[in-house]
Amino acid sequence: MSDTFKLPALPYAHDALEPHIDERTMQIHHGKHHAAYTSKLNDAVQGTSMAGLSIEDLLAHHCDKPAIRNNGGGFYNHNLFWSVMASPGNGGGGVIVGSVIDKAIKQNFGSWEDFKNGFAQAAATRFGSGWAWLCVHAGGKLEICSTANQDNPLMPDAGCSGTPILGLDVWEHAYYLNYQNRRPEYIDAFWNVVNWAEVERLYNAHS
Ligand code: MN3
């Protein structure tokens, strides 16, 4: 039987996010962690009534099952994470002044500084493992939040709502090789690799 869910190829080389996210971390994170979530998600749905459902439907309606919550969340969250990053100087870090996302950030948070501070605070204060999110609601309202483990805002009981358009993995496996316990440094470095063109595309698709 062929697997429903496939580990996506990274949209850039493993070393493309250096020096902010190191090559070895990317190799292990994508090739081991994300691959394992993908494989276990396939195992969890095959031969059940959930086979054939989209990942969004699984997260919205079947996250009461731990195998779906943890592995479906891990599959979806990392798919988004890779897509919203890009190499510095090749789409990573830059925001076009006057673009849709530039205006939306300023309208919702007052300034880029206030947005970044709020997002960094959500990422830094998430105790243990989890994610920080920027979510959009229909109509364009933006919201910052964080979730534990592999939870995400598509799960009705995650304590966060809207559609995630930017996510930051704050599990230690995402930064420990390069930053050890210095999560705030990793969060600060993340801004150099955010692919704002993709965040804007997601904003337009879900607002
Ligand atoms: Mn991870």
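Summary of the structure given here.

Reading the values: the criteria
- Residues numbered from 1 in each chain as written.
- Predicted model: local features only at pLDDT ≥ 70, side-chain atom pairs only at ≥ 80, totals over all residues.
- Heavy atoms only, no water.
- Helix = DSSP H or I, 4+ residues; strand = E, 2+ residues; numbered from the N terminus.
- Expected span 1.5 Å × (residues − 1).
- Buried < 20%, exposed > 50% of the residue type's maximum accessible area, 1.4 Å probe, protein only.
- 1 Å grid on protein atoms, 1.4 Å probe; cavity = no way out; pocket = protein on both sides within 12 Å on 5 of 7 lines; lining within 4 Å.
- Points joined across faces, edges and corners; volume = space filled by probe spheres on them.
- Nonpolar A, V, L, I, M, F, W, Y, C, P; charged D, E, K, R; others polar.
- Salt bridge = Lys/Arg side-chain N within 4 Å of Asp/Glu carboxyl O.
- Contact = heavy atoms within 4.5 Å.
- Arc of directions from axis to C-beta.

Compared with the 26 Å implied by 1.5 Å per residue over 18 residues, the 25 Å span of helix 3 (residues 66–83) between its first and last C-alpha is a close match. Of all 18 residues that make up helix 3, 13 are buried, and the element is covered over most of its length.

It is the rolling of a water-molecule-sized probe over the atoms that shows where space remains empty. By volume, the largest pocket is sized at about 230 Å³. Elements with a minimum of two residues in the lining of the largest pocket: helix 3, strand 3 (163–169) and helix 8 (196–206). Residues that form the lining of the largest pocket fall into these classes: 6 nonpolar, 4 polar and 3 charged.

Considering all chains together, one arrives at 6 salt bridges under this definition. As a salt-bridge pair, aspartate 64 and lysine 65 come within 3.5 Å of each other at their nearest N and O atoms. For aspartate 64, a relative accessible area of 60% translates into the label exposed. In this structure, the salt-bridge partner of aspartate 102 is lysine 106, at a minimum N-O distance of 3.0 Å. In this pair, aspartate 102 and lysine 106 are both assigned in helix 4 (residues 100–109), 4 residues apart and thus about one turn of the helix distant. Accessibility expressed as a relative area gives 4% for aspartate 102, which makes it buried. When salt bridges that share partners are traced, they join Arg69, Asp151 and Asp157 into one network.

Once that is clear, we can look at the environment of leucine 166. One can find leucine 166 in strand 3. In this structure the C-alpha to C-alpha distance between leucine 166 and alanine 86, which are 80 residues apart in sequence, comes to 13 Å. Those residues within four positions of leucine 166 in sequence are excluded, and the remaining contacts are Leu80, Val84, Phe115, Phe119, Ala132, Trp133, Leu134, Phe190, Trp191, Val194, Trp196 and Val199.

Attention now goes to helix 4. Each turn of an α-helix holds 3.6 residues, which means side chains three or four residues apart point in the same direction. Every buried residue belonging to helix 4 is among Ile101, Asp102, Ala104, Ile105 and Phe109, and all of these are buried. Axial view of helix 4: buried residues confined to an arc of 165°, hence all on one face. On the buried face of helix 4, the contacting elements are helix 5 (112–125), strand 1 (130–136), strand 2 (142–148), strand 3 and helix 8. Looking one or two residues beyond helix 4, the residue adopting positive phi is glycine 110, at roughly 95°.

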